[in-house]
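Residue-level structural notes
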Amino acid sequence: MRCGRVMARSWAPSALLAVLLAGCIPSNVVAVEDRAVATPIATAEFVPATAEAFAGLYESVEITGAAAAALRKVYYLFRPGGRFTGAALLQDGGEERFATLSGAFTLQGGAVVLGEGAEPAQAEMAQDLLRLRGSDGTVVLRRVELR
């Protein structure tokens, strides 16, 4: 009799938790805008970026070239009027660290300059993608909603 009570108590909390969790997860947990299929990078048709389409928040989805050795993730927020802020997660030896950059950007003829004295990068867009190509590599970013 005593053994039966111990067993009932040991499985009851986990069974209750399973039932509660199953009842708390609705079938529509993914927001409508997140259900759409994202543009595949390999088949995207990139065109030179324009100032009208450039503004927004972007996060990296692909980093190639020499830059990939140190960059783990990149975020940029471009504002209308030529202001930007960005953060990069860097692999610095055995440690990771964030580096940030803010300032003015210029976009002209498909080239973007992020801050005074920076090297121009080719800026190309395809629907929700932004590709920045410089001498050290290429970063492909996907537009994300600023919440």
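1. Quick look at the overall build of the chain
Counting secondary structure elements, the chain contains 3 helices and 9 strands. Of the regular secondary structure in the chain, the N- to C-terminal order runs α-α-β-α-β-β-β-β-β-β-β-β. In the chain, which comprises 147 residues, the proportion classed as buried is 29%. Nonlocal contacts in the chain, meaning residues at least 24 apart in sequence, comprise 43% of its contacts between residues at least 6 apart. Carbon and sulfur atoms make up 58% of the accessible area of the chain, which totals about 10000 Å².

2. What to know about the packing of aromatic side chains
For the structure on display, the rule yields 7 aromatic pairs. Members of the aromatic cluster, connected to one another through ring pairs, are F54, Y58, Y76, F78, F84 and F105. Lying across the ring of F46, R131 places its NZ or CZ 3.8 Å from the centre.

3. Considering the pairing of strand β2 (residues 56–64)
Note that β2 and strand β3 (residues 71–79) share 4 bridges and pair antiparallel. Directly across from E59, in β3, lies its bridge partner Y75. The antiparallel hairpin formed by β2 and β3 contains 6 residues in its connecting segment, where G65 sits at a positive phi of about 85°. Where β2 meets strand β9 (residues 137–144), 7 bridges bridge the pair, whose relative direction is antiparallel. Looking at β9, one finds that E59 is bridged to R142.

4. Overview of the pattern of salt bridges
Note that side chains of opposite charge can pair when their charged atoms are close. Applying the stated rule across the entire model yields 5 salt bridges. A salt bridge links D92 to R97; the shortest N-O distance between them is 3.0 Å. Since its relative accessible area comes to 44%, D92 is described here as partly exposed.

Reading the values: rules and limits
- Residues numbered from 1 in each chain as written.
- Predicted model: local features only at pLDDT ≥ 70, side-chain atom pairs only at ≥ 80, totals over all residues.
- Heavy atoms only, no water.
- Helix = DSSP H or I, 4+ residues; strand = E, 2+ residues; numbered from the N terminus.
- Buried < 20%, exposed > 50% of the residue type's maximum accessible area, 1.4 Å probe, protein only.
- Contact = heavy atoms within 4.5 Å.
- Areas by Shrake-Rupley, 256 points an atom, 1.4 Å probe, with all protein chains shown as cover.
- Phe/Tyr/Trp six-rings, centres within 6.5 Å; stacked < 30°, edge-to-face > 60°.
- Lys NZ or Arg CZ within 6 Å of the ring centre and 35° of its normal.
- Pairing = 2+ DSSP bridges.
- Salt bridge = Lys/Arg side-chain N within 4 Å of Asp/Glu carboxyl O.

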